[in-house]
Amino acid sequence: MQGLLSFDQAPPLSVPMRFFLTGPCFAMAASAVLLVGGPSMLASRWTSEALAFTHLFTAGFMLQIMLGALQQLFPVALGANFHHPERTARWVHISITLGAFFLATAFLIRQSWLFDGAMVLLGLGTVGFLFAAAQALRRVQWRTNPAARGFGVALVGLAVTVSLGLLLAGSLSTGTTALPLLLITQLHVSWGFLVWCGTLIGAVALFVVPMFLVTPEYPRSFARYFSISVLGGTLAWSVAVWTQWEFADAVLGTPVIIALAVFCGLTLRLLHRSKRAKRETLHHFWMLALLSALAACSLWLVQTMLPELNQWPATPLLLAALVLMGACGSVMTGMLYKIVPFLVWQHLQNRGQGQVLAPNMKKVIPQARMDRQLHIHIAACLLMVLTAVWPRWFVYPAAAALAAAQMVLLQNLLHARGVYHHHLQVIAATLAKANTST
């Protein structure tokens, strides 16, 4: 896989960075909702504040990071270049940013026009991205490229997730009760976390884990069949859920969850075999993400067998904390600390034209900064898990830790951007001086 990477195809730095810088702002907004809502917002997963918090994190933080990363990974990993990448990024970014803001606000104040606005903006932003991504993928050899299949399956997951979400938003806007909203919500969550997030992280791991963490390659059988298995399993599960088959979760849901658990266990095994003498920040973020995902898979499997656990009000909140903060939040944050310094170094190296060297990647975001944010993030994850069980005691420390972690993350990303612009000036001055002297 590593040999397939083509860093000369990378888009301008502004394309992914606008998404990366916006993501932490949504996560800080989510922490503010948690702080104001307090323990009462966690009395149920259906409170207005809980829904606003969830969508600020998913449609805000996570969607921003994922779309920004895809616009970087498609050209580099697949050779699939977006047509007019800056124009596409600008349109998609504005649409999903405003759409996520409208959606979270709509949950808080229950105004139908906000749901309508969120539907239009998120729909247009997602369709625009999917169209641009489909155009970019047309020249990719799907049969011989497992990662391309993984990215393609993830895009199917995004399309289904957003479509179901727009259907739910439309129902909330009009107040209709004709649709089975609970069933649609279950499908919305399943496709979002299993197909969209799960297969995307799996496809990214095929490149990132061996290359940046210096591990052996994933087995070919896993790379070939993982994404397709998750897609097919989730589709069959969804049909059974829609028809309200009594054993849908136990018979069809369990294999999909086990597939994700296998991915986590296999990746943990590869990380254990890493050739790096010293474990770096990305390694710790991946470990936290994988252990959180395994805990979530285990909890889901146990609650399907124990009705008492399934009826426990804390179970869905605990699953959300493990998946959102522990798994998705950790792996995305860790990836930012590897992607952003590399991109800054690469673009500065190209701008220097062989005459001005780019700064060392370790200086773009110093290790001490990353470690500080890692420690706060771990504390936030632990506090969010405890909050799901004992909200009265831990909700406020969890909100504060989440805000602090995201604030430090934003500061670190801004520091990287500052390093980039400073060295652009150094390069311009050095090249101008060299041209004058010749």
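Predicted model, so just to flag it, every value in this text is computed and none were measured. (Residues numbered from 1 in each chain as written. Predicted model: local features only at pLDDT ≥ 70, side-chain atom pairs only at ≥ 80, totals over all residues. Heavy atoms only, no water.)

Caption draft 1: Region of interest: the overall build of the protein chain. Each helix and strand in the protein chain was counted, giving 14 helices and 0 strands. Put simply, the protein chain runs from its N terminus to its C terminus through helices and strands in the order α-α-α-α-α-α-α-α-α-α-α-α-α-α. On C-alpha atoms alone, the protein chain measures out to a radius of gyration of 22 Å, which is about the 22 Å that the 2.2 N^0.38 rule sets for 438 residues. Expressed as lengths along the three principal axes of its C-alpha atoms, the size of the protein chain is roughly 80 × 45 × 40 Å. Taking all contacts inside the protein chain whose residues are at least 6 apart in sequence as the whole, residues at least 24 apart take part in 78%. In the form shown here, the protein chain has an accessible surface area of approximately 19,300 Å², with 65% of it arising from carbon and sulfur atoms. Side chains of the protein chain give 26 positive and 10 negative charges; the mean places of these two sets differ by 14 Å. (Helix = DSSP H or I, 4+ residues; strand = E, 2+ residues; numbered from the N terminus. Rg over C-alpha atoms; globule rule 2.2 N^0.38 Å. Contact = heavy atoms within 4.5 Å. Areas by Shrake-Rupley, 256 points an atom, 1.4 Å probe, with all protein chains shown as cover. Lys, Arg positive; Asp, Glu negative; His and termini not counted. Charge placed at Lys NZ, Arg CZ, Asp CG, Glu CD.)

Caption draft 2: Structural context of the side chain of Thr-215. With respect to the element layout, Thr-215 can be found in the loop between helix H6 (181–212) and helix H7 (220–242). For Thr-215, a relative accessible area of 8% corresponds to the buried category. For Thr-215, the side chain forms a polar contact with the main-chain oxygen of Val-209, separated by 3.4 Å. Not counting residues within four places of it along the chain, the set of residues in contact with Thr-215 comprises Val-209, Pro-210, Leu-270, Leu-271 and Ser-274. (Buried < 20%, exposed > 50% of the residue type's maximum accessible area, 1.4 Å probe, protein only. Polar contact = N/O pair within 3.5 Å; in protein donor to acceptor, adjacent residues only side chain to side chain.)

Caption draft 3: How the structure looks around the packing of aromatic side chains. Per the stated rule, a full pass over the model turns up 18 aromatic pairs. Here a set of aromatic residues connected by ring pairs shows up, and it is made of Phe-74, Phe-82, Phe-129 and Phe-151. (Phe/Tyr/Trp six-rings, centres within 6.5 Å; stacked < 30°, edge-to-face > 60°.)

Caption draft 4: Region of the structure containing the packing of helix H9 (residues 281–305) against helix H13 (residues 367–389). It is the contact of H9 with H13, at a shortest axis distance of 10 Å, that shows an interaxial angle of 10 degrees. When the axis of H9 is compared with that of H13, the two are roughly parallel. Considering the relative orientation of H9 and H13, their crossing is left-handed. Mapping the contact onto sequence places Thr-281, His-284, Phe-285 and Leu-288 in H9 and Gln-367, Met-370, Asp-371, Gln-373, Leu-374, His-377, Ile-378 and Cys-381 in H13. When its residues are assigned to classes, the contact of H9 with H13 shows 6 nonpolar, 5 polar and 1 charged. (Axes fitted to C-alpha atoms, helices over the stretch in contact; angles between N-to-C directions. Parallel < 35°, antiparallel > 145°, perpendicular 65-115°, else oblique. Left-handed = near helix turned anticlockwise from the far one by under 90°. Nonpolar A, V, L, I, M, F, W, Y, C, P; charged D, E, K, R; others polar.)

Caption draft 5: Layout of the nonpolar core. If you look at the biggest cluster of nonpolar residues, it comprises 159 residues, and the most contacted ones within it are Phe-74, Leu-78, Phe-151, Trp-196, Phe-263 and Trp-286. Here Phe-151 is in contact with Leu-70, Leu-73, Phe-74, Leu-78, Leu-200, Ala-203, Val-204 and Phe-207, once residues within four sequence places are set aside. (Core = buried A, V, L, I, M, F, W, Y, C linked by side-chain atoms within 4.5 Å.)

Caption draft 6: Representation of the side chain of Ser-330. Relative to the helices and strands, Ser-330 is located in helix H11 (residues 314–351). A polar contact of 2.8 Å, which involves the side chain of Ser-330, links it to the side chain of His-377. Among all residues touching Ser-330, those that are not within four sequence positions of it are Phe-285, Leu-288, Ala-289, Met-325, His-377 and Cys-381.

Caption draft 7: Focus on H6. Its axis deflected by about 45 degrees at Ala-205, H6 carries its strongest bend there. Count one or two residues on from H6 and you reach Val-214, which has phi positive near 55 degrees. (Bend = angle between axes of the 7 residues up to and from the residue.)

Caption draft 8: Expanded view of the environment of Pro-146. Inspection of the secondary structure puts Pro-146 in helix H5 (residues 146–174). Remark: the alpha-carbon pair of Pro-146 and Ala-203, spanning 57 residues in sequence, is separated by 7.8 Å.

Caption draft 9: Examining helix H8 (residues 248–272) more closely. Across its 25 residues, H8 extends 35 Å between first and last C-alpha, which sits within 8% of the 36 Å expected from 1.5 Å per residue. Of all bends in H8, the biggest is about 40 degrees, found at Thr-254, and the proline Pro-255 comes one to four residues later. (Expected span 1.5 Å × (residues − 1).)

Caption draft 10: Quick look at a nonpolar patch on the surface. Together, Leu-35, Val-36 and Tyr-396 make up an exposed nonpolar region whose accessible area comes to about 320 Å². Structurally, Leu-35 is set in helix H1 (residues 14–37). (Patch = residues over 30% accessible without salt bridge, like charges linked within 9 Å, V, L, I, M, F, W, Y side chains within 5 Å. Salt bridge = Lys/Arg side-chain N within 4 Å of Asp/Glu carboxyl O.)

Caption draft 11: Local environment of the packing of H8 against H9. Across the interface, H8 lies against H9 with an axial gap of 9 Å and an inter-helix angle of 155 degrees. Between H8 and H9, the crossing angle belongs to the class labelled roughly antiparallel. In the crossing of H8 with H9, the sense of the turn from one axis to the other is left-handed. On H9, the residues that touch Asp-249, Gly-253, Thr-254, Ile-257, Ile-258, Leu-260, Ala-261, Phe-263, Cys-264, Thr-267, Leu-268 and Leu-271 of H8 are His-283, Trp-286, Met-287, Leu-290, Leu-291, Ala-293, Leu-294, Cys-297, Trp-300, Leu-301 and Thr-304. Of the residues contributing to the contact of H8 with H9, the split by class is 17 nonpolar, 5 polar and 1 charged.

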